[in-house]
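Observations on the three-dimensional arrangement
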Amino acid sequence: MRQAEITEAVERTATLVDEHYVFPDLAGRLATLLTDNLAAGRYATAADPRALGELVTADLQSLNGDLHLRLKYHEEALPERDEHPDDDRIVRLAADTMGGVGRVQRLDGNVGLLEIRPLLFPPPLAGDQMTAAMRLLAGTDALLLDLRENVGGSPDGVALLCGWFFDEPTLLHTTYDRAGRPVRQSWSAAYVPVPTYDATKPVYVLTSARTFSGGEELAYDLQQSGRATVVGERTGGGAHPRIGFRAHAHLEVTVPVARPVHPVTGTNWEGTGVLPDIESPAADAIDVAHRAALSRLDVPAPVTAVAA
């Protein structure tokens, strides 16, 4: 990369973090860190945008480990707009992945399996697909919700899914801005166009160390509300919703701008991840959760393990 490109990308990143990061005290310190490192020549060795993104991201995450705070490399050139430059890719990804519905299956003992990956897309992009999946699974007696390969998504997508699992609208979290003001409440969807999943039916959420952001929110909301049992590994620990900005043709500054607070815990999963109720290697989580579901239903477990 040319030095002028490096300087422009780093200075823009520092400005955006200073103006928007959810923790103002850290925002100023991070902006100073970036500009000081720029002046000291830390980024001069970046041969390409990917390398620069990795260096800047390491610095951005050095103070508090916020994994949503980064200078993210995109192989495909970003549109020339300041905010939300990644939106076009998200639209295409939703279309290419059937709205995130990775698998719908009925396992032994009338246990349903719904895999959602790679993201929980906003309802306008994936509501029809999620509704179709929920309709197929409505007659099962227990459900495994597989989020092991889910790396994020939309709070509105989470609210839609939660609407299926609660009998009435339930407060999922309140979002606070960088000034500490409550700016939004997220509630489970008040209406879904298929029958809700009866509260007496057990639900198991499968997680891995890769489960992140919106996937974590769904697991956390269902777990902390007592509606689901989490099976698998501790998740990644990214709770802060973020906004993306274009800093270069191939670099997006992602800046957390708020923090969610759950009504039960008074906090969220930032930095800690979602802790499983039943620990298991991610590869074994389907088998472990399936057996737990069969035990709850008083159905004999199959002799052979269910393939992951």
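Described below are features of the structure shown in this document. Within any chain, residue numbers begin from 1 and follow the written order of that chain's sequence. Reporting of local features is limited, given that this is a predicted model, to residues whose pLDDT is at least 70; pairs of side-chain atoms are given and counted only at 80 or more, and all residues count toward the totals for whole chains, interfaces and linings. To get the side-chain values, all heavy atoms of the structure are used, and hydrogens and water are removed first.

1. A closer look at the packing of aromatic side chains
The condition that has to hold: Between rings of Phe, Tyr and Trp, where Trp is taken as its six-membered ring, a pair exists when centres lie within 6.5 Å; planes separated by under 30 degrees are stacked, by over 60 edge-to-face, and by other angles tilted. In this scheme, a residue with accessible area under 20% of its type's maximum is buried, one over 50% is exposed, and one in between is partly exposed, where area comes from a 1.4 Å probe on protein chains only.
Enumeration over the complete set of coordinates arrives at five aromatic pairs. Both rings, one in Trp 164 and one in Phe 165, keep their centres 5.1 Å apart while their planes meet at 50°; by these two values the pair is tilted. Across this residue pair, the class does not change: Trp 164 and Phe 165 are buried. Between Phe 165 and Tyr 197, the aromatic rings sit 6.2 Å apart at their centres with planes inclined by 75°, giving edge-to-face as the arrangement.

2. Description of the environment of Leu 160
Filter applied, for reference: Think of it this way: any DSSP run of H or I at least four residues long counts as a helix, any run of E at least two long counts as a strand, and we number them from the N terminus. In this analysis, two residues are considered to be in contact whenever any of their non-hydrogen atoms come within 4.5 Å of each other.
Here Leu 160 is to be found in helix 6 (residues 155-165). The buried category is assigned to Leu 160, whose relative accessible area is 13%. Through-space distance from the C-alpha of Leu 160 to that of Leu 78 is 29 Å; in sequence the pair is 82 residues apart. In this structure Leu 160 touches Pro 123, Gly 127, Met 130, Ala 189 and Val 192, once residues within four positions along its chain are discounted.

3. Overview of the layout of surface pockets
Worth spelling out the cut-off: With a 1 Å grid spanning the protein atoms alone, the term cavity applies to any set of points in which a 1.4 Å probe fits but cannot get out, the term pocket to an open set with protein on both sides within 12 Å along at least five of seven lines, and the term lining residue to any residue with an atom within 4 Å of a point. Grid points are joined across faces, edges and corners, and a volume is the space filled by probe spheres set on the points.
Here the largest pocket defines a volume of roughly 1,200 Å³. Around the largest pocket, the lining is made up of 44 residues, and of these Gly 153, Ser 154, Pro 155, Ser 213 and Arg 242 lie nearest the centre. If you tally residues by element for the lining of the largest pocket, the top one is helix 4 (residues 87-96), at five residues.

4. Thoughts on the side chain of Ser 154
The condition is simple: Between N or O atoms, a polar contact is any pair within 3.5 Å; within protein, one atom must be a potential hydrogen donor and the other a potential acceptor, and residues adjacent in sequence are included only when both atoms are from side chains.
Tracing the sequence through the fold places Ser 154 in the loop between strand 4 (142-146) and helix 6. Among the polar contacts made by the side chain of Ser 154, one reaches the main-chain amide nitrogen of Asp 156 at a distance of 3.0 Å. Excluding its chain neighbours within four sequence positions, the residues that come into contact with Ser 154 are Leu 120, Phe 121, Pro 122 and Pro 123.

5. Brief notes about the sheet that holds strand 4
For the record, the criterion: Between any two strands, pairing holds if DSSP finds at least two bridges. Interaxial angle, 0 to 180 degrees, is taken between N-to-C directions of lines fitted to C-alpha atoms, where a helix line uses only the stretch in contact.
Spatial strand order, 2-3-4-7-8-12: six strands in an open sheet with mixed pairing. Across the chains shown, the open sheet's two edge strands, defined by having one partner strand only, are strand 2 (101-107) and strand 12 (278-279). As defined by bridge partners, strand 7 (residues 203-207) adjoins strand 8 (residues 229-232) across four bridges and the pair is classed as parallel. Each residue of the ladder has a partner; that of Leu 206, found in strand 8, is Val 231. Its contacts with the sheet place helix 7 (residues 214-224) against strand 4, strand 7 and strand 8, and it is angled at close to 145° to strand 7.

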